[in-house]
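Coordinate inspection notes
Here's the letter readout for the chains.
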Amino acid sequence: MNRNNHLKAQETLDFLESHPALGGYLFSALSLMHLSIVEVCKRGYCEPLKGCISIYYNEKNYRKFRNDFDKKFKEFTKEELKRQMPFVRIEIPYKKLFGESWKNDHIEYWGELTILMFIGKNFNLYYDRNKWLNCSGVEGCGRNFEDMIVDMGKKFKTRFGDFDDDAFLTPPGKS
């Protein structure tokens, strides 16, 4: 890993640390992150739970797994299928889906970063950590920790904006 990757990760962490969606300096970005280090196959799947992969209904998947989907459809009424068809899924063993057993190809770092929403009525109490609610933020990944942080930071900036803790202050004379 080169020095620039480390520095870019540190720059990203600095950005995240001061972003208002993460509570500014009240919370640490790393304290709001869930991290997993996983073995991944060449297709990007971690070793699946129970050896199966969820396949959602669409015409292409139905042609390939007609019998499996027809069996699954029997669990629903016709009315339920009309409303829920795009959400119907089956579990297919990795080997049946790809024609070979799952095999580790590399390690990836997977992270999920939550955002914070102030739920108190009096913002003068913003420093009360119990007045903040964790909500879904972004997910990122990379072949190492630094790449995961940079990936997550790019997605975070796109979704939540390029702000810092002073971004919402009104300049003097502009109120």
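In short, a report on the structure. Everything numeric here is computed off the predicted structure, so don't read it as measured data.

Criteria and thresholds
Residues numbered from 1 in each chain as written. Predicted model: local features only at pLDDT ≥ 70, side-chain atom pairs only at ≥ 80, totals over all residues. Heavy atoms only, no water. Helix = DSSP H or I, 4+ residues; strand = E, 2+ residues; numbered from the N terminus. Buried < 20%, exposed > 50% of the residue type's maximum accessible area, 1.4 Å probe, protein only. Contact = heavy atoms within 4.5 Å. Areas by Shrake-Rupley, 256 points an atom, 1.4 Å probe, with all protein chains shown as cover. Salt bridge = Lys/Arg side-chain N within 4 Å of Asp/Glu carboxyl O. Phe/Tyr/Trp six-rings, centres within 6.5 Å; stacked < 30°, edge-to-face > 60°. Lys NZ or Arg CZ within 6 Å of the ring centre and 35° of its normal. Core = buried A, V, L, I, M, F, W, Y, C linked by side-chain atoms within 4.5 Å. Pairing = 2+ DSSP bridges. Axes fitted to C-alpha atoms, helices over the stretch in contact; angles between N-to-C directions. Parallel < 35°, antiparallel > 145°, perpendicular 65-115°, else oblique. Left-handed = near helix turned anticlockwise from the far one by under 90°.

1. Things to note about the overall build of the chain
- Assigned secondary structure in the chain consists of 6 helices and 5 strands.
- By the burial criterion, 32% of the 175 residues in the chain qualify as buried.
- Across the chain, the fraction of contacts at a sequence separation of at least 24, relative to all contacts at a separation of at least 6, is 66%.
- Entry remark: accessible area of the chain is about 12,100 Å², with carbon and sulfur atoms responsible for 51%.

2. Considering the pattern of salt bridges
- This model, assessed by the stated rule, comprises 9 salt bridges.
- For Glu-100, the salt bridge goes to Lys-42, with nearest N and O atoms at 3.2 Å. A residue pair is termed long-range when its members are at least 10 positions apart, and Glu-100 in the loop between helix H5 (94-98) and strand E4 (106-118) and Lys-42 in the loop between strand E1 (33-40) and strand E2 (52-56) qualify at 58 residues.
- Classification of Glu-100 as partly exposed rests on a relative accessible area of 30%.
- We classify Lys-42 as exposed; its relative accessible area is 56%.
- Across the salt bridge formed by Arg-43 and Glu-100, the nearest N and O atoms sit 3.1 Å from each other. Placement of the pair is Arg-43 in the loop between E1 and E2 and Glu-100 in the loop between H5 and E4, with a sequence separation of 57 residues.

3. Focus: the packing of aromatic side chains
- Within the structure shown, the criterion is met by 11 aromatic pairs.
- Note on Tyr-109 and Phe-145: the rings are 6.5 Å apart at their centroids and 70° apart in plane angle, and the pair reads as edge-to-face. On the criterion of sequence distance, the pair formed by Tyr-109 in strand E4 and Phe-145 in helix H6 (residues 145-160) is long-range, its members being 36 residues apart.
- Judged by relative accessible area, Tyr-109 falls into the partly exposed class, the value being 21%.
- The rings of Tyr-57, Tyr-62, Phe-69 and Phe-73 are connected pair by pair, giving a single aromatic cluster.
- Positioned above the aromatic ring of Phe-15, the side-chain terminus of Lys-157 is 4.8 Å from the ring centre.

4. Some details on the nonpolar core
- Core analysis: the largest hydrophobic core is formed by 22 residues, its most contacted members being Leu-16, Leu-22, Leu-113 and Phe-156.
- Every element with two or more residues in this core is listed here: helix H1 (3-17), E4, strand E5 (132-142) and H6.
- Residue contributions to this core peak at 6 residues, all from H6.
- Discounting residues that sit within four places of it in the chain, Leu-16 has contacts with Leu-22, Ala-29, Leu-113 and Phe-156.
- Grouped together as the second largest cluster of nonpolar side chains are 14 residues, Ile-53, Phe-73, Leu-81 and Leu-97 included.

5. Notes on the sheet that holds E1
- Taking strand neighbours across the sheet as the criterion, the 3 strands line up as E1-E4-E5 in an open arrangement whose pairing is antiparallel. Lying at the two open borders of the sheet, with one neighbouring strand each, are E1 and E5. Each strand of the sheet is rotated relative to its neighbour by a mean of 20°, with strand direction disregarded.
- Bridge count for E4 against E5 is 9 bridges, and the pairing is antiparallel.

6. Examining the packing of H1 against H6
- The interhelical angle for the contact between H1 and H6, taken along N-to-C directions, is 40°, at an axis separation of 9 Å. Classified by the angle their axes make, H1 and H6 are oblique. Both H1 and H6 take part in a crossing whose hand is left-handed. Of H6, the residues touching H1 (which contributes Asn-5, His-6, Lys-8, Ala-9, Thr-12, Leu-13, Phe-15 and Leu-16) are Glu-146, Asp-147, Ile-149, Val-150, Gly-153, Phe-156 and Lys-157.

Interpretation in functional terms is not warranted from these geometric data alone.
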